[in-house]
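Here's the letter readout for the chains.
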Amino acid sequence: MKKPTDTYKLYNGVEIPCIGFGTWQTPDGEVAVSSVRCAIEVGYRHIDTAQVYGNEESVGRGIRESGVSREELFITTKLWNTNHTYDRTMSTFEESMKKLGLDYLDLFLIHWPNPAGFRDRWQSANAESWKAMEELYKAGRIRAIGISNFRPHHIDELLKTAEIAPMVNQIRLCPGDTQDAVVDYCREHDMLLEAYSPLGVGRVFDVPEVQAMAVKYGRSIAQVCIRWSLQRGYLPLPKSVTPSRMAENLKVFDFELDPQDVQMIADLKGCVGFAADPDQITF
Ligand SMILES: NC(=O)c1ccc[n+]([C@@H]2O[C@H](COP(=O)([O-])OP(=O)(O)OC[C@H]3O[C@@H](n4cnc5c(N)ncnc54)[C@H](OP(=O)(O)O)[C@@H]3O)[C@@H](O)[C@H]2O)c1
């Protein structure tokens, strides 16, 4: 990878820009519009949103205001936890498309495998949603379909009824939280790993070992983390509403971390906490 528009290739051949721009907790309205527009202006070509972020409409406006053509962009949204039925997957997909102002989507993900509202039947709920997503994929409405926060037992269950295997699993991957079992499983199944919260939702800035690493390489803490994510083979999704940080977070292609430092950052177990257990979430 040499620049942010370089791509990973999914198993179906679709290319996905190697850094994505996160929008969780980016307030709907002018902040989301200007953040997305500015992110595209500074060079991001991959935007990550979700139904539950409540900002799809503003993200769509930011995309349009950027003036960059649709084919140059890669847009992801995610099915929310209350929508795990065939009909709700179909209808809320259309709602998302309308809000985003798009006629096709690049990537649609099931956000969580085991929502509180479907705990007694998460397996069939995921199977239903997946069937709808497969149909949308086959109809050309979505270029790739995937999952988020799924662990191996959730994927095994999904694969029992899936015709098309997920192309992506988006999970929390950041210093000290490397979810090795999930990563190994996804790699064996040819699923790209997208790394959410690559900066530990901002908590990594307080970690002394990562601070020292930034000094060693003469880079910012954020740049060290994003570079680390890429060198681990993940696709990082840093979020910022601050234009200077958006640009800073893309300048990660002109230095390299030594392998022992990559391992050292991985080994900072729990330095910014661990991913939530998807079978215990309360939403
Ligand atoms: N699938 C899922 O369940 C899931 C869960 C969580 C996140 N995600 C996705 O992953 C994206 C990223 O994760 P995240 O939002 O949790 O957090 P993150 O990207 O790890 O961290 C974002 C925080 O870091 C700050 N920041 C960014 N760049 C910085 C820099 N260069 N210097 C100093 N501070 C900086 C941001 O501040 P400012 O914004 O104020 O600049 C913000 O407070 C999300 O936005 C979302 O798209 C997905």
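Above this text you will find the structure in question.
Conventions and cut-offs
- Residues numbered from 1 in each chain as written.
- Predicted model: local features only at pLDDT ≥ 70, side-chain atom pairs only at ≥ 80, totals over all residues.
- Heavy atoms only, no water.
- Helix = DSSP H or I, 4+ residues; strand = E, 2+ residues; numbered from the N terminus.
- Buried < 20%, exposed > 50% of the residue type's maximum accessible area, 1.4 Å probe, protein only.
- Expected span 1.5 Å × (residues − 1).
- Contact = heavy atoms within 4.5 Å.

Peer 1: Run through unusual backbone geometry, naming residues and quoting values.
Peer 2: Despite not being glycine, Gln179 has its phi angle at roughly 40 degrees, a positive value. Here Gln179 is to be found in the loop between strand E8 (168-172) and helix H6 (180-188). Positive phi outside glycine occurs at Asp190, with the angle close to 60 degrees. In this structure, Asp190 sits in the loop between H6 and strand E9 (192-196). Take Asp190: its relative accessible area is 52%, and that puts it in the exposed class.

Peer 1: An account of helix H1 (residues 30-42) is needed here, citing residue identities and associated values.
Peer 2: Between its first and last C-alpha, H1 extends 18 Å over 13 residues, near the 18 Å set by a 1.5 Å rise per residue. Buried within H1 are the following residues: Ala32, Val33, Ser35, Val36, Cys38, Ala39 and Ile40. Where H1 is buried, its residues contact strand E3 (21-22), strand E4 (46-48), helix H2 (56-66) and helix H9 (243-248). Residue Gly43 follows H1 closely and has a positive phi angle near 130 degrees.

Peer 1: Can you tell me about the environment of Ser69, naming the residues and giving the values?
Peer 2: Looking at the element boundaries, Ser69 is found in the loop between H2 and strand E5 (74-79). Overall, Ser69 belongs to the partly exposed group, its relative accessible area being 28%.

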